[in-house]
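Chain residues, written in single-letter form:
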Amino acid sequence: MSGQSTGCGFLMSVVVHGDSALNEQEKELNQRLRQLYPAVNENETPLPRSWSPKDKFSYIGLSQNNLRVHYKGHGKTPKDAASVRATHPIPAACGVYYFEVKIISKGRDGYMGIGLSAQGVNMNRLPGWDKHSYGYHGDDGHSFCSSGTGQPYGPTFTTGDVIGCCVNLINNTCFYTKNGHSLGIAFTDLPPNLYPTVGLQTPGEVVDANFGQHPFVFDIEDYMREWRTKIQAQIDRFPIGDREGEWQSMIQKMVASYLVHHSYCATAEAFAKSTDQAVHEELASIKNRQKIQKLVLSGRMGEAIETTQQLYPNLLERNPDLLFMLKVRQFIEMVNGTDSEVRCLGGRSPKSQDSYPGSPRPFSSPGHKASSSQPYLTGFDSNCCNGVTSSKSHSSSPHSHKSCPPAAGSTLPVSDISINGSRSQQPITSNDVDMEVDHFTNGVTESSSNGFLNGSSKHTAEPDDCDADMGRLGVEC
């Protein structure tokens, strides 16, 4: 029993010691990566830390926390080549990124490639043979840039050598190192989002990767300091000099112009005061443009056209294309039942019927008698208060008007309803009138007061009573 307990205690101590060792290695890795790539936020763009067990060809085997790669294929032809990509692409925020690969065994022929590839590149190939794939091969020392034909680049490498790959994301170049010495630029004009990649082709080939788990053989930190100095010198040499005030003034004018253009009156006025500028447009004019903009955005095109004519006379006459576009939009809003001229029972707003030249006459529904000289109905007017539209019709007495809406429960004249060309009659109660009155909540129309429902027109006068009613108004029916 004592021997068993001693054995269990020994195993427990080994497990605890192993876990603590892994934790120390993880802390060391995190610290080194933060030191090398301080601008990278790994919550958004994780750094490569190992090879991916999912993004590899079947002839590739992984071990030792997915850092060791060994070949397990036949290795008879180039069709037996196999590659593996890292878990994540190189983040652009790195500026300069570096990793190393140690050749544990060159295997039978040493057909090994170290480099980069984009997501989706065929893994049944060595790095550099396909488009968006780049590699440095150990058997001939050639570099392969998206082609099966290599270019002479550096020395061959074999068992015991350490090959490094550095990606400069500032100028989009890549160079390799061998045993701590730079071999010069291998590739230029690299695309973004490349993955560290390694490829093997013959039995017995084994390599280990170092993504920062251990100190690098090549002094990459010195190279990074060199590039930081270059960038800082470029910033310091930027020609500002005596024009510094001009740049600041230009930016302030741009901000002020933006605020005025988008009708942010209060903000534009406050910004002008804080920067000692003058607003180049009167606040009243800005508010007028803001008012027209709100009318257009809320679909009240008739009121927008009328307001534009009042505030900016002859503007629409000088810009017929603008007027045409506004009228097209008004027609769309009329079909939707949201335009102010549709919401009034008279079919159009009396105030806007002559507000602009060339105004079309109100269209007639199938229920109206055709007449080439039908005059406008002068007996109707519309009141729009607080976004609610109501209509009043004059009675036979010029001094008395019917109240709108009528008392609850009262019955109005029979309604003539035209739906898809068919006609029907039904009495309208005060509840129907309530349903017809427009209610606006934040500029949204709930119903249409003139009875336009899905392209159908509802009229408040019965055909049989039309002659009598229109006779009192002095208008032909």
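For the structure itself, consult the block above.
The present account deals with the structure reproduced in this document. (Residues numbered from 1 in each chain as written. Predicted model: local features only at pLDDT ≥ 70, side-chain atom pairs only at ≥ 80, totals over all residues. Heavy atoms only, no water.)

Observations concerning the sheet that holds strand 2 (residues 60-63)
Piece 1. As summarised here, the arrangement of the seven strands in space is 2-3-14-5-10-11-12, forming an open sheet in which the pairing is antiparallel. Looking at strand neighbours, the two that pair on one side only are strand 2 and strand 12 (181-187), the edges of this open sheet. Each neighbouring strand pair of the sheet contributes to a mean axis angle of 25 degrees, computed without reference to strand direction.
Piece 2. Sheet topology note: the strand 10 (residues 162-168)/strand 11 (residues 173-178) ladder contains six bridges and is antiparallel. Opposite Ile163, over in strand 11, you have Lys178 as the bridge partner. (Pairing = 2+ DSSP bridges. Helix = DSSP H or I, 4+ residues; strand = E, 2+ residues; numbered from the N terminus. Axes fitted to C-alpha atoms, helices over the stretch in contact; angles between N-to-C directions.)

Details of the pattern of salt bridges
Piece 1. Overall, the coordinates contain twelve salt bridges when judged by the stated rule.
Piece 2. Among the ionic pairs, Arg32 bridges to Glu28, the shortest N-O distance being 3.0 Å. Taken as a pair, Arg32 and Glu28 lie in helix 1 (residues 2-36) at a separation of four residues, close to a single helical turn.
Piece 3. When its relative accessible area of 16% is taken as the criterion, Arg32 is described as buried.
Piece 4. Notably, a salt bridge pairs Glu303 with Arg300, separated by 2.9 Å at the nearest N-O pair.
Piece 5. With relative accessibility at 27%, the residue Arg300 sits in the partly exposed group.
Piece 6. Bridged by salt links that share partners, the residues Glu26, Glu42 and Arg49 form one connected network. (Salt bridge = Lys/Arg side-chain N within 4 Å of Asp/Glu carboxyl O. Buried < 20%, exposed > 50% of the residue type's maximum accessible area, 1.4 Å probe, protein only.)

Describing helix 6 (residues 301-311)
Piece 1. The buried fraction of helix 6 amounts to eight of the eleven residues, a majority that puts the element mostly inside the structure.
Piece 2. Among the residues making up helix 6, those that are buried are Met301, Gly302, Ala304, Ile305, Glu306, Thr307, Thr308 and Gln309.

Brief notes about the packing of aromatic side chains
Piece 1. Going through the model one piece at a time under the given rule, you end up with 17 aromatic pairs.
Piece 2. Measuring from centroid to centroid gives 6.2 Å for Tyr176 and Phe187, while their planes differ by 80 degrees, and the two rings are edge-to-face. Pair noted here: Tyr176 is in strand 11 and Phe187 is in strand 12, with a separation of eleven residues, a long-range link.
Piece 3. Residue class for Tyr176 comes out buried when judged on its relative accessible area of 0%.
Piece 4. Here Tyr258 and Tyr264 contribute two aromatic rings whose centre-to-centre distance is 6.4 Å and whose plane-to-plane angle is 35 degrees, an arrangement assigned as tilted.
Piece 5. Sitting above the plane of the Trp227 ring, Lys230 keeps its charged end 4.5 Å from the centroid. (Phe/Tyr/Trp six-rings, centres within 6.5 Å; stacked < 30°, edge-to-face > 60°. Lys NZ or Arg CZ within 6 Å of the ring centre and 35° of its normal.)

Worth remembering: the numbers are spatial, not functional.
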